[in-house]
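Residues per chain, in single letters:
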Amino acid sequence: MDFTFTEEQRAAGEAARGVFAGVVADAVPSPALTTGAVAEGFDRELWTRLAEADLLSLLLDEAHGGSGLDAIALCLVLRESAKVLARVPLLEHSAAAAAVQAYGGPELAERVLAGAGRGELVLTVAANGRTGHDPAELAVGARRDGSAWVLDGVQTAVPWAYDADLVVVPAQGEGTTVLALVPRERDGVVLAEQVSTSGERLAELRLASVRVDAGEVIEADGAWEWLHALLTTGTCALALGLGERVLRMTAEYTGKREQFGYPIATFQAVAVQAADRYIDLRAMEATLWQAAWRISSGAKGALPAAGDVAVAKIWAAEGVRRVVQTAQHLHGGFGADTDYPLHRYHAWAKHLELALGPAAAYEERLGDLLAAHPLG
């Protein structure tokens with residue numbers, strides 16, 4: 001198996017580094033010092049630069065103004081975005097647009113994709129269910145009413161919902177899962193503000209007899225499973241990028257901080273802890289690219305692609321937590337200093353860990369897949 005990136009994938013990563021080069025992690029108030037959300041909306045100026053660099057249309061075909069790249073390229077860009085805590089709906093927007101392209105009809109693609117690729121139409125996804133612990137597709141019910149669908153239910157912790165033009169909502173309808181593209185201003189849509197551990201503004205999305213036309217609904221089998229896998233893998237890429245930046249900050253700090261006349265990085269206890277976290281990051285990276293490759297290529301394996309996604313999720317959820325905890329420990333008091341950016345990375349890492357969910361649940365899922373697909 002060759003995980004060497006293609007020239008196009010490397011170019012996407014390099015373009016992302018250029019766009020994110022001027023972004024600072026503390027551009028908004030500290031979540032530790034803020035009551036409520038740190039800002040009302042996302043970074044529109046950065047969003048425009050991403051659009052101008054064609055990074056919002058990576059996964060779209062050339063017919064829709066895109067680059068025709070894959071999940072690996074998207075994860076390379078997401079990895080860079082997390083290093084600077086970029087406040088943009090890059091993951092949700094890109095994944096939603098890709099799902100429309102892969103599973104939506106020509107009319108829906110024509111209405112959505114060109115504007116999404118230019119950043120003029122902002123998409124997000126309601127993927128956390130009613131409580132954050134139950135399946136998202138069971139939190140909303142969908143029933144046919146003539147040629148339209150009617151949605152009722154609640155989705156919690158919807159990212160960037162107040163800024164999005166369309167929210168992709170998975171819903172249980174007539175024995176199958178459909179994806180409804182719900183305009184934020186549609187009658188019956190109510191948003192209730194929530195705030196994440198990172199200080200970003202989320203929303204509880206309440207749907208009360210919300211009507212959507214048939215052309216706004218994706219009914220294709222497997223659409224939600226594919227979209228959910230891409231969102232999960234992208235979140236693992238964010239965790240990897242954040243963890244790499246935090247370990248770099250820790251190396252720089254411990255290389256300069258002296259005790260007993262020596263940099264503390266030279267102490268065995270410090271070096272061993274940093275080495276353990278480096279191993280965590282390499283495992284997170286290997287499992288991430290495996291999952292992204294399975295999603296991108298559709299290649300067959302001993303287990304379904306869901307198995308590779310589960311492994312990546314286990315490593316990302318636990319690995320990013322261990323990295324930031326070790327960083328806090330090795331930074332001493334500076335780790336909690338609100339004038340130093342590490343506490344922001346810790347808050348974002350906790351948000352990503354919660355978004356990924358407990359590793360034990362995915363270990364159980366992996367066990368179920370192994371039982372259903374015996375190896376050898």
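Model, not experiment: these values are computed from the prediction.

Quick look at the packing of helix α4 (residues 90-103) against helix α5 (residues 106-117) now. For the pair α4 and α5, the least separation of the axes is 9 Å and the interaxial angle reads 150°. Comparing the axis directions of α4 and α5 gives the class roughly antiparallel. Where α4 crosses over α5, the handedness of that crossing is left-handed. Counting all contacts with α4, which are made through His93, Ala97, Val100 and Gln101, the residues of α5 involved are Leu108, Ala109, Val112, Leu113 and Ala116. Residue composition of the contact of α4 with α5, grouped by class: seven nonpolar, two polar and no charged.

Turning our attention to α4. With 14 residues, α4 extends 20 Å from end C-alpha to end C-alpha; this agrees with the ideal 20 Å at 1.5 Å per step. What α4 keeps buried is the set Leu90, Leu91, Glu92, His93, Ser94, Ala95, Ala96, Ala97, Ala98, Ala99 and Val100.

Turning our attention to the pairing of strand β2 (residues 140-145). Bridge analysis of β2 against strand β3 (residues 148-159) gives six bridges, and the strand direction is antiparallel. Residue pairing across strands places Arg143 opposite Val150, the latter belonging to β3. Counting the residues in the hairpin turn of β2 and β3 gives two residues, including Gly146, whose phi is positive at 70°.

Moving on to the packing of aromatic side chains. Across all of its chains, the model carries six aromatic pairs by this definition. Plain terms: the ring middles of Phe5 and Trp289 are 5.0 Å apart, the flat faces sit at 75° to each other, and that makes the pair edge-to-face. Of this pair, Phe5 sits in the segment before α1 (7-20) while Trp289 sits in helix α7 (residues 268-297); the two residues are 284 residues apart in sequence, bridging distant segments of the chain. For Phe5, a relative accessible area of 23% translates into the label partly exposed. Residue classification places Trp289 among the buried residues on the basis of a relative accessible area of 5%. Three or more aromatic residues joined by ring pairs make a cluster, and in this case those are Phe42, Trp47 and Trp160. The ring of Tyr162 carries Arg201 above its face, with NZ or CZ at 3.6 Å from the centroid. In this structure, Arg282 packs its charged tip against the face of Tyr278, placed 4.9 Å from the ring centre.

Enumeration over the complete set of coordinates arrives at zero disulfides. Not engaged in a disulfide, the cysteine Cys75 finds its nearest cysteine sulfur in Cys236; these two sulfurs lie 8.2 Å apart. Judged by its relative accessible area of 3%, Cys236 is buried.

Note on placement: Thr250 falls in helix α6 (residues 223-256). Among all residues touching Thr250, those that are not within four sequence positions of it are Ala327, Leu330 and His331.

Per the counting criterion, the structure on display carries 24 salt bridges. Across the salt bridge formed by Arg79 and Glu285, the nearest N and O atoms sit 3.1 Å from each other. Of the two residues, Arg79 is situated in helix α3 (residues 71-83) and Glu285 in helix α7; the sequence distance between them amounts to 206 residues. A residue is classified by how much of its surface remains accessible, and Glu285, at 17% relative accessible area, is buried. Taken together, the shared-partner salt bridges connect Arg17, Arg79, Glu80, Lys83, Glu244, Arg282 and Glu285 into one network.

On to the packing of α1 against α3, then. Between α1 and α3, whose axes approach to 8 Å, the crossing angle comes to 25°. The orientation of α1 with respect to α3, classified from their angle, is roughly parallel. Taken as a pair, α1 and α3 cross one another with a handedness that is right-handed. Contacts between α1 and α3 involve Gln9, Ala12, Gly13, Ala16, Arg17 and Phe20 from the first element and Ile72, Ala73, Leu76, Val77, Glu80 and Ser81 from the second. Broken down by class, the residue content of the contact of α1 with α3 amounts to seven nonpolar, three polar and two charged.

Of all residues except glycine, most have a negative phi; of all peptide bonds, most are trans. Phi is positive for Asp54, close to 60°, though the residue is something other than glycine. Of note, Asp54 is situated in the loop between α2 (44-52) and α3. With relative accessibility at 43%, the residue Asp54 sits in the partly exposed group. The residue Leu85 is not glycine, and still its phi comes out positive at about 55°. Mapping Leu85 onto the fold places it in the loop between α3 and α4.

On to helix α8 (residues 305-331). Between its first and last C-alpha atoms α8 spans 39 Å; for 27 residues at 1.5 Å apiece the expected length is 39 Å, and the two agree. Gly332 sits one or two residues past α8 and shows a positive phi near 65°.

Calculation notes
Residues numbered from 1 in each chain as written. Predicted model: local features only at pLDDT ≥ 70, side-chain atom pairs only at ≥ 80, totals over all residues. Heavy atoms only, no water. Axes fitted to C-alpha atoms, helices over the stretch in contact; angles between N-to-C directions. Helix = DSSP H or I, 4+ residues; strand = E, 2+ residues; numbered from the N terminus. Parallel < 35°, antiparallel > 145°, perpendicular 65-115°, else oblique. Left-handed = near helix turned anticlockwise from the far one by under 90°. Contact = heavy atoms within 4.5 Å. Nonpolar A, V, L, I, M, F, W, Y, C, P; charged D, E, K, R; others polar. Expected span 1.5 Å × (residues − 1). Buried < 20%, exposed > 50% of the residue type's maximum accessible area, 1.4 Å probe, protein only. Pairing = 2+ DSSP bridges. Phe/Tyr/Trp six-rings, centres within 6.5 Å; stacked < 30°, edge-to-face > 60°. Lys NZ or Arg CZ within 6 Å of the ring centre and 35° of its normal. Disulfide = S-S within 2.5 Å. Salt bridge = Lys/Arg side-chain N within 4 Å of Asp/Glu carboxyl O.

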